[in-house]
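Each chain, letter by letter, is given below.
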Amino acid sequence: MPRTRTPVVEGWFTGEGEEFRLLGTRCQACRNVHFPREDAYCRNPACTGDELAVVPLSRHGRIWSFTDGRYRPPAPYLSDPEIPWEPYTLIAAELEAERMVVLGQAAPGVTPAELAVGMTVRVVPGILGGDAETLWTTWNFEPVSGS
């Protein structure tokens, strides 16, 4: 039986493959863009706007920083102690048009040894985990060849 693909956080991303995008909100008064989405008010302290529109964010950005996670985080992080811990790579990328830094895991198999500050990455669909019924979907950053 196929597993249900369920976003880790509903409304933060949409699409598949080349159509995959993070979703933010843009204040109609000051034009600031927010991620994660904001549905109640503008986060700009100088703005009193409350009319926000959902907007797709840039698919590309540049690595601002990166690191690796080589240990199982302590509680309250939930993980199955029966499953061996797999190191992962975290990337902070400045999105191309919005010039905001977004944090996310690197695509599976990407290690810090392959990365450099300033390298171009793209946002791609990812899997955070799953069980017998559900695959929890998220976003990953993937290096762009030749950047």
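Residues numbered from 1 in each chain as written. Predicted model: local features only at pLDDT ≥ 70, side-chain atom pairs only at ≥ 80, totals over all residues. Heavy atoms only, no water.

**Student:** What am I meant to see in the environment of Ala-92 here?
**Tutor:** Topologically, Ala-92 is positioned in strand β7 (residues 88-95). Since its relative accessible area comes to 10%, Ala-92 is described here as buried. Remark: the alpha-carbon pair of Ala-92 and Asp-50, spanning 42 residues in sequence, is separated by 28 Å. When sequence neighbours within four positions are dropped, the list of residues in contact with Ala-92 reads Arg-62, Ile-63, Trp-64, Ser-65, Val-101, Val-102 and Leu-103. (Helix = DSSP H or I, 4+ residues; strand = E, 2+ residues; numbered from the N terminus. Buried < 20%, exposed > 50% of the residue type's maximum accessible area, 1.4 Å probe, protein only. Contact = heavy atoms within 4.5 Å.)

**Student:** What am I meant to see in unusual backbone geometry here?
**Tutor:** Glycine aside, the phi torsion of most residues is negative, and most peptide linkages are trans. Cis geometry is adopted by the peptide bond preceding Pro-36, which originates at Phe-35 and carries an omega value of 0°. Along the polypeptide, Pro-36 turns up in the loop between β4 (33-34) and β5 (52-56). One non-glycine residue with positive phi stands out, namely Arg-31, at about 75°. Topologically, Arg-31 is positioned in the loop between β3 (21-27) and β4. Arg-31 sits in the partly exposed class, given a relative accessible area of 44%.

**Student:** Mind showing me how you'd approach the pattern of salt bridges here?
**Tutor:** Side-chain pairs of opposite charge can arise whenever the charged atoms involved come near each other. For the structure on display, the rule yields 6 salt bridges. Across the pair Glu-18 and Arg-59 runs a salt bridge whose closest N-O atoms are separated by 3.0 Å. Taken together, the residues Glu-18 in the loop between β2 (13-14) and β3 and Arg-59 in the loop between β5 and β6 (60-69) connect sequence positions 41 residues apart. On the accessibility criterion, Glu-18 (59% relative accessible area) is exposed. Arg-59 sits in the buried class, given a relative accessible area of 12%. (Salt bridge = Lys/Arg side-chain N within 4 Å of Asp/Glu carboxyl O.)

**Student:** Explain the nonpolar core to me, please; I cannot follow it from the model alone.
**Tutor:** In globular proteins that are soluble, nonpolar side chains generally tend to be buried together. Among the nonpolar cores identified, the biggest contains 22 residues, and Leu-22, Val-102, Trp-139 and Phe-141 are the most heavily contacted of them. With 3 residues, the top contributor of residues to this core is β7. Each residue touching Phe-141, except ones within four places of it in the same chain, is listed here: Ile-91, Ala-93, Val-102, Leu-103, Gly-104, Gln-105, Ala-106, Ala-107, Val-121, Arg-122 and Val-123. (Core = buried A, V, L, I, M, F, W, Y, C linked by side-chain atoms within 4.5 Å.)

**Student:** It is not clear to me how a nonpolar patch on the surface should be interpreted in this structure. Could you clarify?
**Tutor:** On the surface, Val-8, Val-9, Leu-128 and Trp-136 cluster together into a nonpolar patch covering about 320 Å² of accessible area. The topology assignment puts Trp-136 in strand β10 (residues 134-143). (Patch = residues over 30% accessible without salt bridge, like charges linked within 9 Å, V, L, I, M, F, W, Y side chains within 5 Å. Areas by Shrake-Rupley, 256 points an atom, 1.4 Å probe, with all protein chains shown as cover.)

**Student:** Would you explain the pairing of strand β9 (residues 120-130) in this entry?
**Tutor:** In summary, the side chains of a regular strand alternate between the two faces of the sheet. Bridge count for β6 against β9 is 3 bridges, and the pairing is antiparallel. Of the residues in β9, the one forming a bridge with Arg-62 is Thr-120. The sheet contact formed by β9 and β10 spans 9 bridges and is antiparallel. Note that in β10 the partner of Val-121 across the bridge is Pro-143. (Pairing = 2+ DSSP bridges.)

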